[in-house]
2 protein chains.
Amino acid sequence: MRIYNFSAGPAALPVPVLEQASKELVSYGSAGMSVMEMSHRSKSYEDIHNAALELLRELMNVPANYKIMMLQGGASQQFAMIPMNLAKNGKADFVVTGEWSNRAYKEASKVLSAKIAATSEAEKFGVIPEIKEISADADYLHICTNNTICGTRFTQIPDTGKVPLVADMSSGILSEVFDVSKFGLIYAGAQKNIGPAGVTVVIIREDLLENEKAAKLPAFLQYKTHADANSMYNTPPTYAIYMTKLCLEWLKSQGGVAGIQKINEAKAKILYDFLDSSSLFKGIAAPSHRSLMNIPFTTGDDEKDKQFTKEAATEGFANLGGHRLVGGLRASIYNAMPTEGVQALVDFMKKFEAK
Amino acid sequence: MRIYNFSAGPAALPVPVLEQASKELVSYGSAGMSVMEMSHRSKSYEDIHNAALELLRELMNVPANYKIMMLQGGASQQFAMIPMNLAKNGKADFVVTGEWSNRAYKEASKVLSAKIAATSEAEKFGVIPEIKEISADADYLHICTNNTICGTRFTQIPDTGKVPLVADMSSGILSEVFDVSKFGLIYAGAQKNIGPAGVTVVIIREDLLENEKAAKLPAFLQYKTHADANSMYNTPPTYAIYMTKLCLEWLKSQGGVAGIQKINEAKAKILYDFLDSSSLFKGIAAPSHRSLMNIPFTTGDDEKDKQFTKEAATEGFANLGGHRLVGGLRASIYNAMPTEGVQALVDFMKKFEAK
């Protein structure tokens, strides 16, 4: 039995994608071998690689003056690479809206002078704070567009003027339409909305690739190395990129990002509407900044939360526990979670509440 | 039709492993989801993760005072991480035996004072040079145990005394028995003998994890971060690690590393014996330092080499072209290449020669 998987990442993937991958795993088309066995310099693999890059460009409407890279190491590696590559004045501003943006801030502090431009820590990260001032000489301002743990998101992308806007989009990318031209750099681990764990997408405005300090780094740590080599400087994670291509094709079949955004809004509304009407379950994030992807909630009682997670699991609803840092409950409903899954969860929550 | 894939990496994988992966791809055991969809914090995934680590320890007989990590980014990322993590005196020695060890040297030069302790460049990397002197205050001496491009290998591991020996084992790991206790650090991209591309194995002696300079690096770039977190500091490449586990189980079924070494020696002998007897094809590497994994050869005539690659491809022998830096021909015969494949290749070479 296939269960509904509400994991925050790695997360559910589209069933048709998994079925196609399973069929092609031993032997891909007429290649006489698995995708996993292909030389990354072979035509068969290069076609897959370039198709994934082109689909990303098309689906996100990425302007021509941006490079798209498929790297490894997840957002955590980017927490190091971004300050190492973008520092010119050696200063950067950070909007701290939860655990991950705080890590981005702390890790960058080891490389440059990092300043908190705004934080919602006092509100337990239940809202997105207003940015009152941006350092004019900052090399960039960093935000996390969607906060996986506390379930908030930037419903409006801030205007940072001449200061490049850098965004961790790990849990929001491809879930709603973004105007890429507002950003200097976008990065995202694949394991939520792009594909399986093991790929990291980085989209960078070309002028940010030119940096004298960065040019002295080991080649692997320079964005320019990977951008110039079409993400083939070293052996790419070929199979994860193949899976990414399949997931992007599936997304295109759903009407692209604009199409999935409508589905996502309707899907999230089912759960939020129930939370707003329930006398047992309560949502955590402020209604003004609610995430479409990660919906934390609670009964207000630790024991009851645990009981719910346990009973839900036996009914085929997996991974509904909140993040280990905050506890409570959370449903992550990325692109691949079908609407029926959310409806079924709400039906189960109603039953649980009635008891 | 399944073809014989002589790619230098990513390379052939064992057929039973691919078949099992295909069967389990959509739904793993009773999990009700694909391995790719599992939270890395779930029990089901943790079992896979720890089994892979334990199999590596068992198969390589890794002593208790060594940590094993599964990272990302391949050898290229290690070219940066090694000097950043091991520098104390800020000096390291390098044995340059080809393109990859030369890259390790050049990249380390950006971080510390790197010295070439020995090189076989004058012999076009066809032999392994003698190491006449090691800097007593070097933080480490770096070698590449098997040279994928030129087809040489260290048939004896040098004794570096108190200077830690660091080895790029990307194309030699798990192909023959190594005494891990002779090394300070071993690293290897998975895509030759471990599993699919996207995992990098690093084995480090615990005392080398303590380094005051390294402790100031961004967390992701410190080995200690990953060693302390059991390779779970950030989301690991879960599916590639699952595939690694399957490949290691297969290797165990072949009699482990000692068992596969015997098979590998016999397998390589088939091709080397033919090369030594052929009047058309000639091996490149010196017989004293021949690789068991990568066998470069040539007819001595560029056009004939190309003709051979082309005809071989139509007969189901793929990827026999030499590395783009050196040309010629090359057969990479990693653990998963069956003996029949090498025998069939030699039969085809005989036919080609007879024409």
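The structure we're discussing is the one just above.
Residues numbered from 1 in each chain as written. Chains lettered and ligands numbered in written order. Predicted model: local features only at pLDDT ≥ 70, side-chain atom pairs only at ≥ 80, totals over all residues. Heavy atoms only, no water.

Trainee: How should I be thinking about the overall build of chain A in this particular structure?
Mentor: Each helix and strand counted, chain A has 9 helices and 14 strands in total. Against the compact-globule benchmark of 20 Å for 355 residues, chain A has a radius of gyration of 21 Å, which places it among compact chains. By its C-alpha atoms, chain A is 65 × 55 × 30 Å across when sized along the principal axes. Every one of the 355 residues in chain A was classed for burial, and the buried ones make up 64%. A fraction of 67% describes how many contacts in chain A between residues 6 or more apart in sequence connect residues 24 or more apart. Surface accessibility of chain A: about 13400 Å² in total, with carbon and sulfur atoms responsible for 50%. Where the 37 positive side-chain charges of chain A centre and where its 38 negative ones centre are 1 Å apart. (Helix = DSSP H or I, 4+ residues; strand = E, 2+ residues; numbered from the N terminus. Rg over C-alpha atoms; globule rule 2.2 N^0.38 Å. Buried < 20%, exposed > 50% of the residue type's maximum accessible area, 1.4 Å probe, protein only. Contact = heavy atoms within 4.5 Å. Areas by Shrake-Rupley, 256 points an atom, 1.4 Å probe, with all protein chains shown as cover. Lys, Arg positive; Asp, Glu negative; His and termini not counted. Charge placed at Lys NZ, Arg CZ, Asp CG, Glu CD.)

Trainee: For this particular structure, what's the right way to read the relation of the copies chain B and chain A?
Mentor: Both copies of the chain are related through a single rotation about an axis accompanied by a shift along the same axis. The two copies are related by a screw operation: chain B maps onto chain A through 180° of rotation and 0.0 Å of translation along the axis, at an RMSD of 0.0 Å. On the angle and the small slide along the axis, the relation comes out as a two-fold axis. Looking at the rotation axis and the C-alpha trace of chain B, the residue lying nearest is serine 22 of chain B, at 2.4 Å. (Least-squares fit on C-alpha atoms with pLDDT ≥ 70 in both.)

Trainee: Mind showing me how you'd approach the packing of helix α6 (residues 238–253) of chain B against helix α7 (residues 256–277) of chain B here?
Mentor: In a pair of packed helices, the angle between the axes and the distance between the axes together describe the arrangement. Residues and elements named next belong to chain B. Two elements in contact, α6 and α7, have axes separated by 7 Å at closest approach and are oriented at 70°. Judged by the inter-axis angle, α6 sits roughly perpendicular to α7. Contact with α6, carried on its side by Trp250, Leu251 and Lys252, involves Gly256, Val257 and Ile260 of α7 and no other residues of that element. By residue class, the composition of the contact of α6 with α7 is 4 nonpolar, 1 polar and 1 charged. (Axes fitted to C-alpha atoms, helices over the stretch in contact; angles between N-to-C directions. Parallel < 35°, antiparallel > 145°, perpendicular 65-115°, else oblique. Nonpolar A, V, L, I, M, F, W, Y, C, P; charged D, E, K, R; others polar.)

Trainee: How do you make sense of the side chain of asparagine 5 of chain A when you look at a structure like this?
Mentor: With respect to the helices, strands and loops of the structure, asparagine 5 of chain A is situated in strand β1 (residues 4–5). Among the polar contacts listed, one links the side chain of asparagine 5 of chain A to the backbone nitrogen of serine 7 of chain A, at a separation of 3.1 Å. A distance of 2.9 Å separates a polar side-chain atom of asparagine 5 of chain A from the backbone oxygen of glutamate 37 of chain B. Each residue touching asparagine 5 of chain A, except ones within four places of it in the same chain, is listed here: Ala11, Ala12, Ala318, Asn319, Ser332 and Met337 of chain A together with Met33 and Glu37 of chain B. (Polar contact = N/O pair within 3.5 Å; in protein donor to acceptor, adjacent residues only side chain to side chain.)

Trainee: How should I be thinking about the interface of chain B and chain A in this particular structure?
Mentor: Interface size is commonly expressed as the accessible area that is lost once the parts come together. On the chain A side, the residues contacting the 57 residues of chain B number 58 residues. Buried surface at the junction of chain B and chain A, both sides included, amounts to about 4500 Å², of which 60% is carbon and sulfur. Of all residues in chain B, Pro10, Met36 and Glu37 of chain B bury the most surface against chain A, accounting for 14% of the area lost on that side. Between chain B and chain A we count 2 salt bridges in total. Glutamate 37 of chain B is the salt-bridge partner of arginine 2 of chain A, the closest N and O atoms lying 2.6 Å from each other. (Buried area = accessible area lost by both parts, 1.4 Å probe. Salt bridge = Lys/Arg side-chain N within 4 Å of Asp/Glu carboxyl O.)

Limitation: the analysis is restricted to geometry and does not speak to function.
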